[in-house]
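Residues per chain, in single letters:
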Amino acid sequence: MRTTAAPVTRRLTDRLDEIAVEVAGSITARVPAYAHLPDKVITRALRDGLVVCTGAHGKAAALDWFRRLGARSARAGQDGRQLESALRTGARVLVRELAGAAARLYPPNDEFVAVMERAFTGEAEIIEATLTAHRIAHAADGRP
């Protein structure tokens, strides 16, 4: 599948700060344990999530950032289920924004479907990378 990065990413990158505010509010409301996340972490997660979900150049580095996030979370003693919930909450906002941008660029057609398939695949890859690193770091610390 060809990358959908350029047009969709441009539209969302211009609104990244606005989207970050919405993500922060959603996470605070749904996962209070993660209400303390600094704006720069949320913005970085969105930027890297956008790279993964659109198939843009830099996907490996973006997934590596999510792995480090998962490991740091485990070392801080944070629950993996809450981490997953925070990730899914943020991803829900990002995927909704991707769908809106894709619909404006590619009114429902094969390209729109390709963008959305890539977004859902990317979300799954982000969650898997983060939670795998969380489990590995958790086990390395001798926790059950």
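See the structure shown above.
The structure reproduced in this document is the subject of the present report. (Residues numbered from 1 in each chain as written. Predicted model: local features only at pLDDT ≥ 70, side-chain atom pairs only at ≥ 80, totals over all residues. Heavy atoms only, no water.)

## Considerations on the packing of helix 5 (residues 80-105) against helix 6 (residues 110-140)
Contact geometry of helix 5 with helix 6 gives a least axis separation of 10 Å together with a crossing angle of 165°. Accordingly, the angle class assigned to the pair helix 5 and helix 6 is roughly antiparallel. Considering the relative orientation of helix 5 and helix 6, their crossing is right-handed. Residues Gly-80, Leu-83, Glu-84, Leu-87, Arg-88, Ala-91, Val-95, Leu-98, Ala-99, Ala-102 and Ala-103 of helix 5 form the contact with helix 6, whose own contacting residues are Phe-112, Val-115, Met-116, Ala-119, Phe-120, Glu-123, Ile-126, Ile-127, Thr-130, Leu-131 and His-134. (Axes fitted to C-alpha atoms, helices over the stretch in contact; angles between N-to-C directions. Helix = DSSP H or I, 4+ residues; strand = E, 2+ residues; numbered from the N terminus. Parallel < 35°, antiparallel > 145°, perpendicular 65-115°, else oblique. Left-handed = near helix turned anticlockwise from the far one by under 90°. Contact = heavy atoms within 4.5 Å.)

## A closer look at the nonpolar core
In this structure, Leu-12, Leu-46 and Leu-98 are the most contacted members of the largest nonpolar core, which totals 40 residues. Of all the secondary structure elements, the ones that give two or more residues to this core are helix 1 (5-13), helix 2 (16-30), helix 3 (39-54), helix 4 (59-75), helix 5 and helix 6. If you tally residues by element for this core, the top one is helix 5, at nine residues. Those residues within four positions of Leu-46 in sequence are excluded, and the remaining contacts are Leu-16, Ile-19, Ala-20, Val-23 and Leu-94. (Core = buried A, V, L, I, M, F, W, Y, C linked by side-chain atoms within 4.5 Å. Buried < 20%, exposed > 50% of the residue type's maximum accessible area, 1.4 Å probe, protein only.)

## Some remarks on the packing of aromatic side chains
Under the criterion given, the structure shown has one aromatic pair. The interplanar angle of 85° and the centroid separation of 5.1 Å between the aromatic rings of Trp-65 and Phe-66 together place this pair among those described as edge-to-face. (Phe/Tyr/Trp six-rings, centres within 6.5 Å; stacked < 30°, edge-to-face > 60°.)

## Quick look at the environment of Ala-129
With respect to the helices, strands and loops of the structure, Ala-129 is situated in helix 6. Under the relative-accessibility criterion, Ala-129 is labelled buried at 7%. Measuring from C-alpha to C-alpha, the distance between Ala-129 and Ser-85 comes to 14 Å, with 44 residues separating the pair along the chain. Residues within four places of Ala-129 in sequence aside, it is in contact with Leu-63 and Arg-67.

## Observations regarding helix 2
Compared with the 21 Å implied by 1.5 Å per residue over 15 residues, the 21 Å span of helix 2 between its first and last C-alpha is a close match. Of the positions making up helix 2, those classed as buried are Leu-16, Ile-19, Ala-20, Val-23, Ala-24, Ser-26 and Ile-27. Down the axis, helix 2 shows its buried residues gathered within 165° of arc, on one side only. Among the exposed residues of helix 2, those oriented more than 90 degrees off its buried face are Asp-17, Val-21 and Ala-29. (Expected span 1.5 Å × (residues − 1). Arc of directions from axis to C-beta.)

## Digging into the pattern of salt bridges
In total, this model carries 11 salt bridges according to the counting rule given. A salt bridge links Asp-64 to Arg-68; its shortest N-O distance comes to 2.5 Å. Of the two residues, Asp-64 and Arg-68 are both situated in helix 4; the distance of four residues between them amounts to about one turn of the helix. Taking relative accessible area as the criterion, Asp-64 reaches 35% and is therefore assigned partly exposed. One salt bridge connects Arg-81 with Asp-79, and the closest N-O pair in it is separated by 2.9 Å. Among the charged side chains, a network of salt bridges with common partners joins Arg-15, Glu-18 and Glu-97. (Salt bridge = Lys/Arg side-chain N within 4 Å of Asp/Glu carboxyl O.)

The values are spatial; any link to function lies outside them.
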